[in-house]
Amino acid sequence: MSDKLELNKRAEFLSPPDGVETLRPEPNSLFENNPVRLSVLRALEGRSILSVKDFTREEVIEIAKLAAILENFEIAPYHIMDGKIVTTAFFEASTRTRLSFESAVLRLDGKVLSIPEGGVTGVRKGESLDDIGMMFNAYCDMVIMRHTETDSLERLTKGLRVPLINAGNGSGEHPTQSLADWYALLKWRPKLAETDPSKRSKKLCLGILGTPGSMRAVKSFLLMSLMFQDRISKVIVISQMADPFGEDLVTELEKAGIQYKVTNNMKKYVPKLDVIYMNSIAFLGDSYKNLDAEFQLNKESELKEEAVILHPLARLSELDKSLDDTAHNLYFSQAHGAVFVRQALLIAISGRLDRLPKEIPVVD
Ligand code: CP
């Protein structure tokens, strides 16, 4: 690879301090000897992303590979999104999603129109989302929206003609969170992206501590995991609900032909898991509630030695801070990687792949 490209110095901040075991897998193995396939990413140009189902597995892998390059090299001098304006319309609170999207745009030299909460828009005076969507067409090239209501996407898109990225719709979905989740997993086990079956590693037993039907990040993670069903031996869902899925998800699980089990016996099943995805914030009725809070992990929990924990954050009592400085902690890598994976997606949707530096490993 050309030595004209500088290493991304910001990535140094993502390394754990000396003496701390926390996992921050290197991005290099995702793209070394494995160039990004631009033709796969070009298919995303101008597209909206409302659900994980708007991606193919190939697209997820190529987005992760491009994200790994963006994490590794300094691309600020290439001004990739120069001239593009992105609106972040957040009608519900966020720490990571809005700020990581805005950071991603600004570090690519795009501009941001930021709505940090719905009360600063005409919604406060009774304006409809349909009308707001129509206004966005005149102001920006792309919209990233979070909303408390699951049907908000359909309402906004009635008038919207620029691409929309769903940043979380009630108990619906959070598809770019799943990109961050799977980017962390693919860096941790690059063989999960392997297309040659003879080079694949052992299948993973994947556990979910939470209720996918009521937790959008968990639901999207499960849907994206189904794309990788041939790398997963079993999905174990540990939930306080007897039916934690809802009809749609059961159909998807059965279509994928994946083995799954629902239980509330955390003590029995946690020691069997290779990957644990957890959350406790659920959308129930018309507000957010703490669900499955009885399923808590801490440093003393009986985890497999190599097991990793993913959590979309914000965390409550389910994920104890004593795990932060252990090699089970993949959740900080997951949060930090979100900027790069969102940059990769934004570049592809904006049709700016041709502005990437010529030295990076790509093929058409
Ligand atoms: N993971 C996630 O969606 O975090 P925020 O709610 O802070 O955006």
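See above for the structure.
So, here's what we can say about the structure. (Residues numbered from 1 in each chain as written. Predicted model: local features only at pLDDT ≥ 70, side-chain atom pairs only at ≥ 80, totals over all residues. Heavy atoms only, no water.)

## A short note on the overall build of the chain
Stated formally: For the purposes of this entry, the term helix denotes a DSSP run of H or I that reaches at least four residues, the term strand denotes a run of E that reaches at least two, and both are numbered from the N terminus. The globule rule is 2.2 Å times the number of residues to the power 0.38, and the radius of gyration it is compared with is taken over C-alpha atoms. Relative accessibility thresholds used throughout: buried, under 20% of the residue-type maximum; exposed, over 50%; partly exposed, between the two (1.4 Å probe, protein chains only). Here a residue-residue contact requires only that any non-hydrogen atoms of the pair lie within 4.5 Å. Method for areas: the Shrake-Rupley scheme with a 1.4 Å probe, in which residue coverage is limited to the protein chains shown.
Within the chain one finds 10 helices and 13 strands. For a compact globule of 364 residues, the expected C-alpha radius of gyration is about 21 Å, and the chain comes in at 20 Å, within 12% of that figure. When its C-alpha atoms are laid out on the principal axes, the chain stretches across 55 × 55 × 40 Å. Out of the 364 residues in the chain, the part that is buried amounts to 55%. For the chain, restricting intrachain contacts to residue pairs at least 6 apart in sequence, the fraction spanning at least 24 positions comes to 75%. Of the roughly 15,600 Å² of accessible surface on the chain, a fraction of 49% belongs to carbon and sulfur atoms.

## Here's the deal with the pattern of salt bridges
The test is simple: A pair is scored as a salt bridge if a Lys or Arg side-chain nitrogen falls within 4 Å of a carboxyl oxygen belonging to Asp or Glu.
Scanning the entire structure with this criterion turns up 20 salt bridges. Where Glu-92 meets Arg-146, a salt bridge forms, and the shortest distance between an N and an O atom there is 4.0 Å. Highlighted residues: Glu-92 in the loop between strand S2 (85–90) and helix H3 (96–107) and Arg-146 in strand S4 (residues 142–147), separated in sequence by 54 residues. A residue is classified by how much of its surface remains accessible, and Glu-92, at 13% relative accessible area, is buried.

## Considering the sheet that holds S2
Sheet strands associate in pairs through backbone hydrogen bonding, adopting either a parallel or an antiparallel arrangement. What counts, and what does not: By this definition, two strands are paired if DSSP reports at least two bridges between them. As a rule, the C-alpha atoms of each element are fitted with a line to give its axis, helices using only the stretch in contact, and angles between N-to-C directions run from 0 to 180 degrees.
Spatially, four strands are ordered S3-S2-S4-S5 in an open sheet, and the strand pairing comes out parallel. Edge positions in the sheet fall to strand S3 (111–115) and strand S5 (164–169), since each has one partner strand and no second. Neighbour-to-neighbour, the strand axes of this sheet turn through a mean angle of 10°, independent of strand direction. Pairing geometry for S2 and S4, over five bridges, is parallel. Opposite Thr-88, over in S4, you have Ile-144 as the bridge partner.

## Quick look at empty space enclosed by the protein
Selection rule: Method remark: on a 1 Å grid restricted to protein atoms, a set of points is classed as a cavity if a 1.4 Å probe fits but cannot get out and as a pocket if it is open with protein on both sides within 12 Å along at least five of seven lines; lining residues have an atom within 4 Å of a point. Grid points are joined across faces, edges and corners, and a volume is the space filled by probe spheres set on the points. Throughout, the ten residues Ala, Val, Leu, Ile, Met, Phe, Trp, Tyr, Cys and Pro are labelled nonpolar, Asp, Glu, Lys and Arg are labelled charged, and all others, Gly among them, are labelled polar. The domain boundaries here were taken from an automatic or database domain assignment.
The final tally for this structure, using the stated rule, is one cavity of 30 Å³ or more. Estimated volume of the largest cavity: approximately 70 Å³. If you trace the largest cavity, you find it lined by Arg-96, Thr-97, Gln-177, Ala-180, His-311, Pro-312, Leu-313, Tyr-331, Gln-334, Ala-335, Ala-338 and Arg-342. In terms of residue count, helix H10 (residues 331–349) provides more of the lining of the largest cavity than any other element does, five residues in total. By residue class, the composition of the lining of the largest cavity is six nonpolar, four polar and two charged. Among the domains, domain 1 (17–174 + 337–363) and domain 2 (177–335) are the pair contributing at least three residues each to the lining of the largest cavity.

## Let's talk about the pairing of strand S6 (residues 204–209)
For S6, the buried fraction is high: six of the six residues fall into the buried class. Across six bridges, the pairing between S6 and strand S7 (residues 232–238) is parallel. Bridged to Leu-204 within S7 is Ile-232.

## Concerning the site of the ligand
For the record, the criterion: Nearness of a residue to a molecule or strand requires only that one of the residue's heavy atoms be within 4 Å of it. Definition of a polar contact: a pair of N or O atoms within 3.5 Å, with one able to donate and the other able to accept a hydrogen when the atoms are protein atoms, and with sequence-neighbouring residues admitted only if both atoms are side-chain atoms.
Neighbouring the ligand are Ser-94, Thr-95, Arg-96, Thr-97, Arg-146, His-174, Gln-177, Pro-312 and Leu-313. The separation between an oxygen atom of the ligand and a polar side-chain atom of Ser-94 is 2.6 Å. With respect to the ligand, the side chain of Thr-97 contributes an N or O atom lying 2.6 Å from an oxygen atom. Here the residues of the shell around the ligand sort into two nonpolar, five polar and two charged. Shared between two domains, the shell around the ligand holds at least three residues of each, these being domain 1 (17–174 + 337–363) and domain 2 (177–335).

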